[in-house]
Amino acid sequence: MHPIPSGTRDVLPDEMRELRALSDALRGVFETYGYGEVYTPAIEYDLGGIRIGGDAGVYRLFDDHGAVLQLRSDMTVPIARVAATRYAGVEPPLRFSSFAHVYRGVRPHRGHMREFLQAGCELIGSPAPDGTVEALTVLCRALDATGLRDYRVGLGDASIYPSLMEAVGVQESRRPELLDHLVGRNFVGLEHAADGLDPLLVEVPQRRGGPEVLDGLPGAEGLRQVHASLEPEVAARVIFDLGLVRDLEYYTGAVFEVYDASIGTPIGGGGRYDELMGQLGRPMPAVGFAVGIDVLHEALTAEERPG
Amino acid sequence: MSPTDGLVIAVPRGALMRESLDLLDTLGLDTSEVRSNDRKLLFEEVGIVTMRPSDVPTYVEAGAADIGITGKDVLTEQADREVYELLDLGYGRCVMVLATRAGKDPIAEALRRLGVVRVATKYYKTAQLFFEATGRQAEIVEVKGSVELAPLTGLVEAIVDLTATGTTLRENDLVVREELFVSTARLIANPVAHKLKAAAIDDVLGRLRAA
């Protein structure tokens, strides 16, 4: 027996042909919209403690000088680094795409691998709402090109809940607990933690549906603007989701996730990260998304099945 | 369409089953076949699948069931499952406890003289987190069967286990030393179903809250 690490896998020719065709379909759309493909190293230095890829563990190792290296856990931070250094003198907006394996220290189980292939786009130097509209458009056109039929894009805003807590006067000290429950998808815990506070704190993050869920909500102007500028075919894919949180410290504005009815795991996601470029020394607004090739492939396969 | 709009519901077998089915009756689901046939697992016509409670988060996380009912003890032990916890259903009340043999507290004695206390449990992560959080060193021994046996045979000094009435503990001459948390039945949902079947899930949620 020659085992391979759990959460990794071999891909054999029949599957590889399908995965390659899928990547090619996505790449064609990315190129059409001007997103040139880049490749960055799989190992990088720790970029000043910027948390990448959410809460999932990052693999770290030492090189022979004792410097800490990390395996990339997403492509957003490496591409932001490229934009801040290699394109330092270039007028924004900058558009990049990537197809790269990323590594996360998760407990391997269905839909959660330690190594997986992501396809993504980053639009750097284009503020909301226009940049967000472009990212959502490229995302949907690319998914259309793969032949995926029944997908929806959940759209939320990482700033909505913090501004809601501000608006209804939640004490600073109580905010982290509320956010923890929200990130943990625990509405029972949220209800307990918000006991005696404004009921909107429990009600708002459970709102999801058409643009009507934004009615009367302070801080939802940004989402309304995005929705108003989307082409009809793209807008038809959008479900507003005011409880959507991906990584509140990382994303600053619009956040989104891709769902398909045929599969229980999100296919991809993204959002605005307007502060990240500043941390790398070149302040600019930015937005991006990534799609998991394997899970997209699984969704396409599931859509083909009758019933 | 069924009264739950085609949702697939994971129902726990065992202690939570009867009250879970009673609750689903109030939604207008016909659970009579589920009650009468305890070998069948999948009841397609009413959208019910039955399984042991600790499997419910597995099925719901993967989307094999849209929503499910399981205990907070299970959710605490499987905290990294990506599911929404939507509602405290209130029934199936149990307490997660730290228990030892009656008499002088063997935990304090072990910690003082050996620096570490040995604890048997079916809830490995729950016990580990509890001792970490309370700053005590513990060696957690995972057992599958009757946990009560472990301190009686000298395998461990203490157990972490779920108790409803305390009868089994008493019959084995064990006493509760500390309470970790209260567990009740919870309604959970798959994250994708929570978006794509929002209306159906909110409808169920609203009716269960009113029940």
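Just so it is clear, the model here is predicted, and its values are computed rather than measured.

Novice: Looking at this structure, how should I read the overall build of chain B?
Specialist: A count of helical and extended segments in chain B gives 10 helices and 11 strands. Taking the principal axes of the C-alpha coordinates as reference, chain B spans close to 65 × 35 × 30 Å. Buried residues in chain B amount to 43% of all 211 residues. Of the contacts made within chain B by residues no fewer than 6 positions apart, 67% connect residues no fewer than 24 positions apart.

Novice: Help me understand the packing of helix 1 (residues 13-32) of chain A against helix 3 (residues 130-146) of chain A, please; the structure alone is not making it clear to me.
Specialist: Residue and element names in this part refer to chain A. For the pair helix 1 and helix 3, the least separation of the axes is 8 Å and the interaxial angle reads 140°. The handedness of the crossing between helix 1 and helix 3 is right-handed. For the pair formed by helix 1 and helix 3, the contact residues are L22, A25, L26, G28, V29 and F30 on the first element and V138, R141, A142, A145 and T146 on the second. The class makeup of the residues in the contact of helix 1 with helix 3 is 8 nonpolar, 2 polar and 1 charged.

Novice: Looking at this model, I keep getting lost on helix 6 (residues 124-133) of chain B. Mind explaining?
Specialist: Residue and element names in this part refer to chain B. Among the residues of helix 6, T126, A127, F130 and F131 are the ones counted as buried. Each buried residue of helix 6 lies within a common arc of 120° when the element is viewed along its axis, so the set occupies one face. Exposed side of helix 6, more than 90 degrees from the buried face: E132 and A133 are the residues found there. Where the residues of helix 6 are buried, they touch helix 4 (72-77), strand 6 (94-101), strand 7 (117-121), strand 8 (138-142), strand 9 (158-163) and strand 10 (174-183).

Novice: Just to check I follow, could you spell out the interface of chain B and chain A for this structure?
Specialist: Tallying the contact residues gives 18 residues for chain B and 18 residues for chain A. Mapped by element, the contributors of at least two residues to the side of chain B that touches chain A are helix 3 (56-62), strand 5 (84-88) and helix 9 (191-196) of chain B. Residue contributions to the side of chain B that touches chain A peak at 5 residues, all from strand 5 of chain B. Across the side of chain B that touches chain A, the residue classes tally to 10 nonpolar, 2 polar and 6 charged.

Novice: Quick question: what am I supposed to make of the domain arrangement of chain B here?
Specialist: How big an interface is tends to be stated in terms of accessible area lost as the parts join. All names here are of chain B. The domains assigned to chain B are domain 1 (9-92 + 184-210) and domain 2 (94-182). Domain 1 puts 5 residues into the contact, and the matching count from domain 2 is 7 residues. For the side of domain 1 that touches domain 2, the residue count by class is no nonpolar, 3 polar and 2 charged.

Novice: Quick question: what am I supposed to make of helix 1 (residues 17-26) of chain B here?
Specialist: Each full turn of the α-helix corresponds to 3.6 residues, which orients residues three or four apart in the same direction. Residue and element names in this part refer to chain B. Buried within helix 1 we find S20, L23 and L24. The buried residues of helix 1 all sit within an arc of 100° when viewed along its axis, so they share a single face. Buried residues along helix 1 sit against strand 1 (9-12), strand 4 (67-71), strand 11 (185-189) and helix 10 (198-210). Positive phi shows up at G28, right after helix 1, with a value of about 95°.

Novice: Mind showing me how you'd approach unusual backbone geometry here?
Specialist: Trans is the common state for peptide bonds, and a negative phi is the common state for residues other than glycine. Of the consecutive residues P92 of chain A and P93 of chain A, the connecting peptide bond is found in the cis state with omega at 5°. Examined against the element boundaries, P93 of chain A turns out to sit in the loop between helix 2 (76-85) and strand 5 (94-103). Residue P129 of chain A is bonded to the preceding A128 of chain A through a cis peptide linkage, with omega at 0°. Turning to its location among the elements, P129 of chain A is positioned in the loop between strand 6 (115-124) and helix 3. Unusually for a residue other than glycine, R185 of chain A sits at a positive phi of about 55°. As for its placement among the helices and strands, R185 of chain A is situated in the loop between helix 5 (175-183) and helix 6 (187-193). Look at D5 of chain B: it is not a glycine, yet its phi comes out positive at around 65°.

Novice: Would you take a moment to explain the sheet that holds strand 4 (residues 68-71) of chain A for this structure?
Specialist: Hydrogen bonding along the main chain pairs the strands of a sheet, whether they run parallel or antiparallel. Residues and elements named next belong to chain A. As summarised here, the arrangement of the 3 strands in space is 2-4-3, forming an open sheet in which the pairing is antiparallel. Each having just a single partner strand, strand 2 (43-45) and strand 3 (60-62) make up the two edges of the open sheet. Between one strand and the next, the sheet's axes are offset by a mean angle of 40°, whatever the strand orientation. Bridging between strand 2 and strand 4 involves 3 bridges; their strand directions are antiparallel. When the bridges of strand 4 are listed, E44 appears paired with Q70.

Novice: In this structure, what is going on with the environment of H181 of chain A? I would like to understand it.
Specialist: Residues and elements named next belong to chain A. Note that H181 resides in helix 5. When the 21 C-beta atoms within 10 Å are taken as the criterion, H181 is described as buried. The spacing of H181 and A254 is 73 residues in sequence and 20 Å in space, taken between C-alpha atoms. Contact partners of H181, with chain neighbours within four places excluded, come to N186, G189, L190 and A193.

Novice: What should I look at first to understand the sheet that holds strand 1 (residues 36-37) of chain A in this one?
Specialist: All names here are of chain A. Here we have 9 strands laid out as an open sheet, ordered 1-5-6-12-11-10-7-9-8, and mixed in their pairing. Strand pairing shows two members of the sheet lacking a second neighbour, strand 1 and strand 8 (208-209), which therefore form its edges. Here 2 bridges tie strand 8 to strand 9 (residues 238-241), and the two strands are oriented antiparallel to one another. Across the sheet, the residue bridging to R208 is D241, located in strand 9. Here helix 1 sits on the sheet and contacts strand 1, strand 5 and strand 6; the angle it forms with strand 6, its principal contact strand, is near 10°.

Novice: How should I be thinking about the pairing of strand 11 of chain B in this particular structure?
Specialist: In summary, the side chains of a regular strand alternate between the two faces of the sheet. Residue and element names in this part refer to chain B. The element strand 11 is largely enclosed, with a buried count of 5 among its 5 residues. Of the two faces of strand 11, both are covered, the one formed by A185, L187 and A189 as well as the one formed by R186 and I188. The pairing of strand 4 with strand 11 spans 5 bridges and is antiparallel. Bridge pairing in strand 11 places T70 opposite R186. Where strand 5 lies against strand 11, 4 bridges are found, and the strand directions are antiparallel. Paired with L87 across the two strands is L187, which belongs to strand 11.

Novice: Would you mind going over the nonpolar core with me for this structure?
Specialist: When a protein is soluble and globular, its nonpolar side chains tend to lie buried together. Core analysis: the biggest nonpolar cluster contains 113 residues, and A80, L139 and L296 of chain A together with I9, V60, I67 and A189 of chain B have the highest contact counts within it. Looking at which element gives the most residues to this core, the answer is helix 3 of chain A, with 8 residues. In contact with L296 of chain A, not counting residues within four places along its chain, are L22, T146, L148, I267 and V291 of chain A. If you look at the next biggest cluster of nonpolar residues, it comprises 24 residues, including L98, A99, A158 and L174 of chain B.

Novice: Help me out: how do you make sense of the confidence of the model for chain B in this one?
Specialist: Caution is warranted with low-pLDDT regions, since their predicted coordinates should not be read in detail. Confidence along chain B averages 95 in pLDDT terms, with 100% of residues attaining 70 or more. At the level of chain-chain contacts, confidence expressed as ipTM amounts to 0.88, with global pTM at 0.90.

Calculation rules
- Residues numbered from 1 in each chain as written.
- Chains lettered and ligands numbered in written order.
- Predicted model: local features only at pLDDT ≥ 70, side-chain atom pairs only at ≥ 80, totals over all residues.
- Helix = DSSP H or I, 4+ residues; strand = E, 2+ residues; numbered from the N terminus.
- Buried ≥ 20, exposed ≤ 12 C-beta atoms within 10 Å, placed from the backbone.
- Contact = placed C-beta atoms within 7 Å.
- Axes fitted to C-alpha atoms, helices over the stretch in contact; angles between N-to-C directions.
- Left-handed = near helix turned anticlockwise from the far one by under 90°.
- Nonpolar A, V, L, I, M, F, W, Y, C, P; charged D, E, K, R; others polar.
- Arc of directions from axis to C-beta.
- Domains from an automatic or database assignment.
- Pairing = 2+ DSSP bridges.
- Core = buried A, V, L, I, M, F, W, Y, C linked by C-beta atoms within 7 Å.
- pLDDT = per-residue confidence, 0-100.

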